[in-house]
Amino acid sequence: MNYPLLKLLMALGLPLAVFLAGGSWMMKVTGRGNFPETAAPESTPLHFRFGGYDVAEVRAYWDWLGADGRLAELRFLELDLLFPLFYGGAILLGLFLIWDALGRPFPRRRLTAPVFVNLIADWTENLTLRHQLRRFLDNEPIEEGWIALAGQATTVKILCFSLAWLLLLGLILRWLRRLPEEATR
């Protein structure tokens, strides 16, 4: 692909579009978007809480959602098991595209590691919260150890997601700096 603008749009635009459009679509189709975040601290979705959460915070969040919101959250958690494959794949595509344009300056695993760890952490978070929400819906106690695991997975997911995006942006900047000298060759 010899078209720098097209390459840039593919490398940066595609992952951004997949993440934003996919997230928006999931919120709409699951009904989770009907329960937007407010000024109340308990309204912050668990999957956005850097630093994790404990049983009391999870219970407060699920109480804040109410009965309909909890069912929407359950649907969201189930659909969110597929979403990391799409946004992770789009980020990997962007990373590989720019990495290749730079002449593959380092081992591929440096690109894939943050994305794969993000994927595993996202699945761990979703599967654990899904199981605990089902317990909550059945009036069973929420299990502290599993909530701690989900909270740690959320933090790892956010860190790896951020790292993957920083890596992509860094590679794009490096590639953009090289474009003028490549044009003179």
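In short, a report on the structure. (Residues numbered from 1 in each chain as written. Predicted model: local features only at pLDDT ≥ 70, side-chain atom pairs only at ≥ 80, totals over all residues. Heavy atoms only, no water.)

The subject of this paragraph is the packing of aromatic side chains. Overall, the coordinates contain nine aromatic pairs when judged by the stated rule. The structure contains a cluster of three or more aromatic residues connected by ring pairs, namely Phe 19, Phe 83, Tyr 87, Phe 161 and Trp 165. Geometry around Phe 96 places Arg 108 over its ring, the cationic atom sitting 5.9 Å from the centre. (Phe/Tyr/Trp six-rings, centres within 6.5 Å; stacked < 30°, edge-to-face > 60°. Lys NZ or Arg CZ within 6 Å of the ring centre and 35° of its normal.)

The next subject is a nonpolar patch on the surface. There is a patch of nonpolar side chains on the surface, built from Tyr 3, Leu 6, Met 10 and Leu 93 and spanning about 390 Å² of accessible area. Within the secondary structure, Tyr 3 sits in the segment before helix H1 (4–30). The exposed category is assigned to Tyr 3, whose relative accessible area is 59%. (Patch = residues over 30% accessible without salt bridge, like charges linked within 9 Å, V, L, I, M, F, W, Y side chains within 5 Å. Areas by Shrake-Rupley, 256 points an atom, 1.4 Å probe, with all protein chains shown as cover. Salt bridge = Lys/Arg side-chain N within 4 Å of Asp/Glu carboxyl O. Helix = DSSP H or I, 4+ residues; strand = E, 2+ residues; numbered from the N terminus. Buried < 20%, exposed > 50% of the residue type's maximum accessible area, 1.4 Å probe, protein only.)

Ile 91, Leu 95, Ile 98, Leu 111, Val 115 and Leu 171 are the most contacted members of the largest nonpolar core, which has 20 residues in total. With seven residues, the top contributor of residues to this core is helix H3 (residues 83–101). Counting residues in hydrophobic clusters, the runner-up holds 15 residues, among them Val 58, Leu 77, Leu 129 and Ile 142. (Core = buried A, V, L, I, M, F, W, Y, C linked by side-chain atoms within 4.5 Å.)

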